[in-house]
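Close look at the chain arrangement
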Amino acid sequence: GAVVSQHPSWVICKSGTSVKIECRSLDFQATTMFWYRQFPKQSLMLMATSNEGSKATYEQGVEKDKFLINHASLTLSTLTVTSAHPEDSSFYICSARASSGNNEQFFGPGTRLTVL
Amino acid sequence: KQEVTQIPAALSVPEGENLVLNCSFTDSAIYNLQWFRQDPGKGLTSLLLIQSSQREQTSGRLNASLDKSSGRSTLYIAASQPGDSATYLCAASTGGSNYKLTFGKGTLLTVNP
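On a predicted model such as this, the values are computed, not experimentally measured, just so you know. (Residues numbered from 1 in each chain as written. Chains lettered and ligands numbered in written order. Predicted model: local features only at pLDDT ≥ 70, side-chain atom pairs only at ≥ 80, totals over all residues. Heavy atoms only, no water.)

Further remarks concern the interface of chain B and chain A. Quoted interface sizes are often the accessible area lost when the parts come together. Counting residues at the interface gives 21 residues for chain B and 21 residues for chain A. Taking both sides of the interface into account, the surface hidden between chain B and chain A amounts to around 1,600 Å²; carbon and sulfur atoms contribute 50%. On the chain B side of the contact with chain A, Asn98(B), Lys100(B) and Phe103(B) bury the most area, a combined 29% of that side's loss. Seen at the junction of chain B and chain A, the total is one salt bridge. Notably, a salt bridge pairs Lys100(B) with Glu59(A), separated by 2.9 Å at the nearest N-O pair. Here chain B and chain A share six residue pairs in polar contact (both at pLDDT 80 or more) between them. Of all the secondary structure elements, the ones that give two or more residues to the side of chain B that touches chain A are β4 (32-38), β5 (44-51) and β10 (101-103) of chain B. Class assignment for the residues of the side of chain B that touches chain A results in eight nonpolar, ten polar and three charged. (Contact = heavy atoms within 4.5 Å. Buried area = accessible area lost by both parts, 1.4 Å probe. Salt bridge = Lys/Arg side-chain N within 4 Å of Asp/Glu carboxyl O. Polar contact = N/O pair within 3.5 Å; in protein donor to acceptor, adjacent residues only side chain to side chain. Helix = DSSP H or I, 4+ residues; strand = E, 2+ residues; numbered from the N terminus. Nonpolar A, V, L, I, M, F, W, Y, C, P; charged D, E, K, R; others polar.)

Here it is as structure tokens:
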């Protein structure tokens, strides 16, 4: 099956710093990439949708100036959490939708962010 | 706005039992429905994807059904094993330009040896 990687798998940072998370589709081209956030014992909440070469579309309540998304190529999207605060601590998961096929989303392994 | 509900929130069964997990969705105009497995602290593993035109999909001991008219899907697990213990999530895609997924809150399954 299609493989999506995320880097780093976990990160600990100080409050006020910025953190960048990468999402890569390893063996397919992704027309669309999605970023989700998951708090403990909660389900995945969609944060934003990004299409290659276009600005990301953010879900209601998600601050686009705080969560910067770049989708510069068909295999790479990045999420930057700017000026991170402890309440941003969460599990961030990306997914990628292939340019062809049945439009299935393939998920990365997630990134655990802890802000001290 | 699509809403996805999963019942029960948690389920504990002895090894060897057959079980059914339920998923319901409010907007029947779905493009497809996916079932995922999530182990603690891990990402999602796709189990089965059912297109809107399909009634069911099978993979090994897993069988997923879809009834669009009633807004329901079930995941049937046969002969459960301790290794099946995980959280099971269903997600509905309503198509559109990006095929976004709406997730349920999941069912935490524990299979006791």
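Turning our attention to the nonpolar core. Judged by nonpolar contacts, the single largest core of 25 residues is most densely connected at Trp35(A), Phe67(A), Leu79(A), Tyr92(A) and Leu113(A). For this core, the secondary structure elements donating two or more residues are β2 (10-13), β3 (19-25), β4 (30-38), β5 (45-51), β7 (67-73), β8 (76-81), β9 (90-98) and β11 (111-115) of chain A. Discounting residues that sit within four places of it in the chain, Leu79(A) has contacts with Val19(A), Lys20(A), Ile21(A), Trp35(A), Phe67(A), Leu68(A), Ile69(A) and Tyr92(A). Formed by 22 residues, the second largest nonpolar core is a distinct cluster that contains Ile30(B), Ile77(B), Leu109(B) and Val111(B). (Core = buried A, V, L, I, M, F, W, Y, C linked by side-chain atoms within 4.5 Å. Buried < 20%, exposed > 50% of the residue type's maximum accessible area, 1.4 Å probe, protein only.)

Residues and elements named next belong to chain B. Only one face of strand β8 (residues 72-77) is buried, namely the one carrying Ser73, Leu75 and Ile77, since none of Arg72, Thr74 and Tyr76 on the opposite face is buried. Direction of pairing for strand β3 (residues 19-25) relative to β8: antiparallel, over a ladder of six bridges. In the sheet register, leucine 21 faces β8, and the bridge partner there is leucine 75. Two strands pair when backbone bridges link them, and strand β7 (residues 62-67) and β8 are joined in this way by six bridges, in the antiparallel orientation. From the neighbouring strand, asparagine 63 faces β8, where its bridge partner is tyrosine 76. The antiparallel pairing of β7 with β8 creates a hairpin that spans four residues between the two strands, and glycine 71 there sits at a positive phi of about 70 degrees. (Pairing = 2+ DSSP bridges.)

Glancing now at the environment of Pro40(A). By the element assignment, Pro40(A) lies in the loop between β4 and β5. With 51 residues separating them in the primary sequence, Pro40(A) and Phe91(A) have C-alpha atoms 8.1 Å apart.

One key point about sheets: their strands pair by backbone hydrogen bonds, in either a parallel or an antiparallel sense. Residue and element names in this part refer to chain A. Spatial ordering of the open sheet is given by β1-β3-β8-β7, a layout of four strands whose pairing is antiparallel. Each edge of the sheet is formed by a strand with only one pairing partner; in this case those strands are β1 (4-7) and β7. Geometrically, the sheet is characterised by an average inter-axis angle of 15 degrees between neighbouring strands, direction not taken into account. Pairing geometry for β7 and β8, over five bridges, is antiparallel. Bridging from a neighbouring strand, leucine 68 pairs with threonine 80 of β8. (Axes fitted to C-alpha atoms, helices over the stretch in contact; angles between N-to-C directions.)

Take the pattern of salt bridges next. A full pass over the atoms with the stated rule returns five salt bridges over all chains. Note that Asp88(A) is salt-bridged to Lys66(A), the shortest N-O span being 2.9 Å. Taken together, the residues Asp88(A) in the loop between β8 and β9 and Lys66(A) in the loop between β6 (57-58) and β7 connect sequence positions 22 residues apart. Look at Asp88(A) and you get buried, because its relative accessible area is 5%. Between Asp39(B) and Arg37(B) there is a salt bridge, with the nearest N and O atoms lying 3.0 Å from each other. We classify Asp39(B) as partly exposed; its relative accessible area is 26%. For Arg37(B), a relative accessible area of 17% corresponds to the buried category.

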